[in-house]
Amino acid sequence: ICNAYLLASYTRPLFFSMLKQLQLIISVAVEVPLNLKVPLRGYKSSALYKWYIMWHRSQTSRYFFKELIWSPVVVPKGALVLDWVFADGPPQQAIVYDNNNLQDFHAIVPKSIPAELYWVEEEQKIYRKLKEERHLREETARAKAEKTASMKALTKERTLRTFLLSQKHIVYTDPLDVQAGKTVTVFYNPANTVLNGKPEIWLRCSFNRWTHHMSPLPPQKMFPSENGSHLKANVKVPLDAYMMDFVFSEKEDGGVFDNKNGMDYHVPVFGGIVKEPPMHIVHIAVEMAPIAKVGGLGDVVTSLSRAVQDLNQNVDIILPKYDCWKFNNVKDFQFHKSYSWGGTQIKVWFGKVEGLSVYFLEPQNGFFSVGCIYGRGNDGERFGLFCHAALEFLLQSGFHPDIIHCHDWSSAPVAWLYKEHYRHYGLNKARVVFTIHNLEFGANLIGKAMLNSDKATTVSPTYSQEVSGNPAIAPYLFKFRGILNGIDQDIWDPYNDKFIPLSYTSENVIEGKRAAKEALQQRLGLKKADQPLVGIITRLTHQKGIGLIKHAIWRTLDHNGQVVLLGSAPDPRIQNDFVNLANQLHSSHNDRARLCLTYDEPLSHMIYAGADFILVPSIFEPCGLTQLIAMRYGSIPIVRKTGGLYDTVFDVDHDKERAQVYCLEPNGFNFDGADAAGVDYALNRAISAWYNGREWFNSLCKRVMEQDWSWNRPALDYLELYRAARK
Ligand code: ADP
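These numbers come from a predicted model, not from an experiment.

Conventions used here
- Residues numbered from 1 in each chain as written.
- Predicted model: local features only at pLDDT ≥ 70, side-chain atom pairs only at ≥ 80, totals over all residues.
- Heavy atoms only, no water.
- Helix = DSSP H or I, 4+ residues; strand = E, 2+ residues; numbered from the N terminus.
- Buried < 20%, exposed > 50% of the residue type's maximum accessible area, 1.4 Å probe, protein only.
- Contact = heavy atoms within 4.5 Å.
- Areas by Shrake-Rupley, 256 points an atom, 1.4 Å probe, with all protein chains shown as cover.
- Disulfide = S-S within 2.5 Å.
- Salt bridge = Lys/Arg side-chain N within 4 Å of Asp/Glu carboxyl O.
- Near = heavy atom within 4 Å.
- Polar contact = N/O pair within 3.5 Å; in protein donor to acceptor, adjacent residues only side chain to side chain.
- Nonpolar A, V, L, I, M, F, W, Y, C, P; charged D, E, K, R; others polar.
- Axes fitted to C-alpha atoms, helices over the stretch in contact; angles between N-to-C directions.
- Parallel < 35°, antiparallel > 145°, perpendicular 65-115°, else oblique.
- Pairing = 2+ DSSP bridges.
- Lys, Arg positive; Asp, Glu negative; His and termini not counted.
- pLDDT = per-residue confidence, 0-100.
- Right-handed = clockwise from strand over helix to strand, strands pointing away.
- Patch = residues over 30% accessible without salt bridge, like charges linked within 9 Å, V, L, I, M, F, W, Y side chains within 5 Å.
- Core = buried A, V, L, I, M, F, W, Y, C linked by side-chain atoms within 4.5 Å.

With that out of the way, let us pick up the overall build of the protein chain. Each helix and strand counted, the protein chain has 19 helices and 29 strands in total. Looking at the protein chain as a whole, 53% of its 727 residues qualify as buried. Pairs at least 24 residues apart make up 70% of the contacts formed inside the protein chain by residues separated by at least 6 positions. For the protein chain, the exposed surface amounts to about 33,300 Å²; the carbon and sulfur share of it is 53%.

Using the criterion set out here, one finds zero disulfides in the structure. Not engaged in a disulfide, the cysteine C324 finds its nearest cysteine sulfur in C372; these two sulfurs lie 6.4 Å apart.

Bringing the pattern of salt bridges into the picture now. This structure, assessed with the given rule, holds 39 salt bridges. One salt bridge in this structure joins D493 and R632, with 3.5 Å as the shortest N-O distance. With D493 in the loop between strand 23 (480–482) and helix 10 (509–524) and R632 in helix 14 (residues 626–632), this residue pair connects regions lying 139 residues apart in the sequence. What makes D493 buried here is its relative accessible area of 5%. For R632, a relative accessible area of 21% gives the class partly exposed. E621 is the salt-bridge partner of K544, the closest N and O atoms lying 2.8 Å from each other. In this pair, K544 is assigned in the loop between strand 24 (533–539) and helix 11 (546–558) and E621 in the loop between strand 27 (613–616) and helix 14, connecting sequence segments 77 residues apart. What makes K544 buried here is its relative accessible area of 13%. Among the ionic contacts, a cluster of salt bridges with common partners joins K152, R306, E354, D488 and D490.

What follows covers the site of the ligand. As a structural note, the neighbourhood of the ligand is formed by 17 residues, with R539, K544, T598, Y608 and L625 the closest of them. Between the ligand and R539, the relevant distance is 2.7 Å, taken from an oxygen atom to a side-chain nitrogen or oxygen of the residue. D600 places a polar main-chain atom, nitrogen or oxygen, 3.1 Å from a nitrogen atom of the ligand. For the ligand, whose accessible area on its own is 570 Å², the fraction buried by protein is 84%. Taken together, the residues that form the shell around the ligand break down as seven nonpolar, six polar and four charged.

Now for the packing of helix 5 (residues 296–310) against helix 19 (residues 712–726). Close contact between helix 5 and helix 19 brings their axes to 9 Å; oriented N to C, the two are set at 75°. As summarised for this structure, helix 5 and helix 19 are arranged roughly perpendicular, according to the angle between their axes. Residues L304, A307 and V308 of helix 5 lie in contact with helix 19, whose contacting residues are A715, Y718, L719 and Y722. Of the residues that constitute the contact of helix 5 with helix 19, the class distribution is seven nonpolar, no polar and no charged.

Now for the sheet that holds strand 11 (residues 231–236). Strand pairing within a sheet occurs via backbone hydrogen bonds; the two strands may be parallel or antiparallel. Strand order in the open sheet made by the four strands is 5-7-11-10, with antiparallel pairing throughout. Of all strands in the sheet, those with a lone pairing partner are strand 5 (171–174) and strand 10 (223–224), marking the two edges. Two elements, strand 5 and strand 7 (residues 183–188), share four bridges in a ladder whose sense is antiparallel. Bridged to T173 within strand 7 is V186.

Moving on: helix 8 (residues 443–452). For helix 8, every residue scored as buried is listed here: I446, G447, A449, M450 and N452. Residues of helix 8 that are buried make contact with helix 7 (413–420), strand 21 (431–436), strand 22 (455–458) and strand 23.

On to the side chain of K513. With respect to the element layout, K513 can be found in helix 10. There is no salt bridge for the buried K513, and the closest opposite charge comes from D612, which lies 6.1 Å off by N-O distance. A polar contact is formed between the side chain of K513 and the backbone oxygen of A611, at a distance of 2.9 Å.

Our next topic: the confidence of the model for the protein chain. Interpretation of the predicted coordinates at a detailed level should be avoided for regions scoring low in pLDDT. Scored by pLDDT, the protein chain has a mean of 87; 88% of the residues are at 70 or more. Confidence drops under a pLDDT of 50 for residues 9–70, and excluding neighbours within four residues, the segment shows 118 contacts in the predicted structure.

Along strand 21, five of the six residues are buried, which leaves the element largely enclosed by surrounding structure. Where strand 20 (residues 403–407) lies against strand 21, five bridges are found, and the strand directions are parallel. Each residue of the ladder has a partner; that of I404, found in strand 21, is V432. Assessed by its sense of winding, the connection that carries the chain from strand 20 through helix 7 to strand 21 is right-handed. Two elements, strand 21 and strand 22, share four bridges in a ladder whose sense is parallel. Residue F434 lies in a different strand from strand 22, and its bridge partner there is A456. Between the parallel elements strand 21 and strand 22, the chain passes through helix 8 in a crossover that is right-handed.

Together, L239, I273 and V274 give the surface a local cluster of nonpolar side chains, amounting to about 290 Å² of exposed area. Counting through the fold element by element, V274 comes out in the loop between strand 14 (265–270) and strand 15 (280–284). A residue is classified by how much of its surface remains accessible, and V274, at 34% relative accessible area, is partly exposed.

Counting residues in hydrophobic clusters, the biggest one holds 76 residues, and the most contacted among them are I553, L565, F578, L595, I607, F613 and F669. It is helix 17 (residues 676–692) that contributes the most residues to this core, seven residues altogether. Apart from residues lying up to four places away in sequence, F613 is in contact with P532, L533, V534, G535, I636, I638, F669, A686, I687, W690 and F697.

Take a look at the structure:
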């Protein structure tokens, strides 16, 4: 361009925007800078200063100067800063601009204002700008928190409705939300119950967990309803009801009852003048996330407690005070009391963890000052003392919990210590609930706790059936059931996840996952390509189906897909085996396969978000969290039909009806056999679906994200269980 135009004006841009001015010397000079006396005090290392010096040098270099174009600018009085850009024509006609990469060029007009004042003003301006930026950030964060809360509330409400509808094939009410003071119709279908084929069905109804002063109401005969399958009866709900309770019988005076296997049927009543009194639930456990966590037990203790507390119940946790705990996560920590038991002094500390009240027991014999949670030769003795001390603490403190909930072999002794001793000493109100998270360890202790607990659970319905033949379990099936674990929806939340590049909900899942996939490919050095990506996040142990994992890696590569595995093996032989596989893949498929043989929580978030599929081919799986987390991030699970995997993943081709029973839509791919053909069956269909029907696949991602795999539903089930235990 021969004829350059200088478009200048006089405003007050920020000092920082001058950083790029060196370019000026090479292209064009203006007259104004000749007179510049830039206030340099304290700014000698700034880019402006360097530019200023160079500019002066350029004046003495004739050769350099010759190259420059001149353009006089008259600086008006009162101007503080000169701003300019260059163009190939006058205003309105120019096409090409040099605007310094959108920042324009700027120079301070000297002597227009005293230097001190100038910098004071600059400072104020920067302060104002930062304040505005902060305000904007806070506003965005507030709006985000509001959206998060409203999404959570909506999901919770939807889940409650699903919960109420989940027994619709047997019982439901019209309206579904029963209102105090109104009449409600109870519908009942005896076809799937013990009352199947009985000529008459009688409804026996009460309120407030059978405690209402007007109840139980006289038995009512039920009549056929319009829908053909159900019988119906009307009930007037009193104003002071908070719960409607009912069972069904074959005769007016009894005979055979359907009482839902001892649980009775319960429907919450809304809008009443009396609220349900909260229960007091005490967990006695040896792990609690995030302060003392080794595995899933720690997660369940914290997130189940939080979910039950959110349902307006009173929850306390008793935990050993380990020297190796993560103290940073304990708030309001204080000494509570001290007592003597088992020949040792026990100090009790109190603190808040994730909003939960926790009592920490510290026996002065040093049992929990050994640098680890498990793994000392005397774990049984240490935890035995803890269980005993915990019950002693409840007794001595005058606590009267409704429920004492203990977990796995480590706090199993609570069940029989309570039944054999403490029940007789004044802690008599409590019922004991025992949960098995892992039947692999301590079967003897687990069996003894099964015998002594009032109710027992494990972490999924299918796993509860799978272990039902075990001698530790078999005699107690009448009080044993499976309740699914949930995931913590605050920790696993693609809308508020600092480890992924773009926050997303089901509304923008496709963009969110695309950004995450690209970031993952970039981070792991994989080819940036639109190929189906299979993620695997796991402990590498026999349980998790090592052979099937390896097979799936090769099969995915055959299909021109990408694979990312994040996993670590406690057994060095297995770890070595995978190191060899990683090396082999490095040479053969470096741009499409990456094995990260370590434990890396942030990377796991990236994989959940960036993968199209998460593969979980476990040989057995009590519940499994990875498939649930996958769905929360809109990734499609491919799983083996075992334990909790079977209960949570419904095959798009085969499980429509099974999903419907839970008011769900199919959400993934599954397979039966623990062999290569099994994996192939699900993996081939999954990858073909990705290649052949992207729109359908995208809608599946959206759908799985909208399913609720949090603690909302399991907490309701636990509450029912606690109530049933108290009956
Ligand atoms: P298990 O408790 O039997 O290992 P689950 O599926 O119940 O299996 O829980 C596994 C949890 O551990 C999930 O939260 C998963 O994301 C996490 N996880 C497993 N392996 C890794 C790893 N190598 N790095 C990060 N997180 C992992």
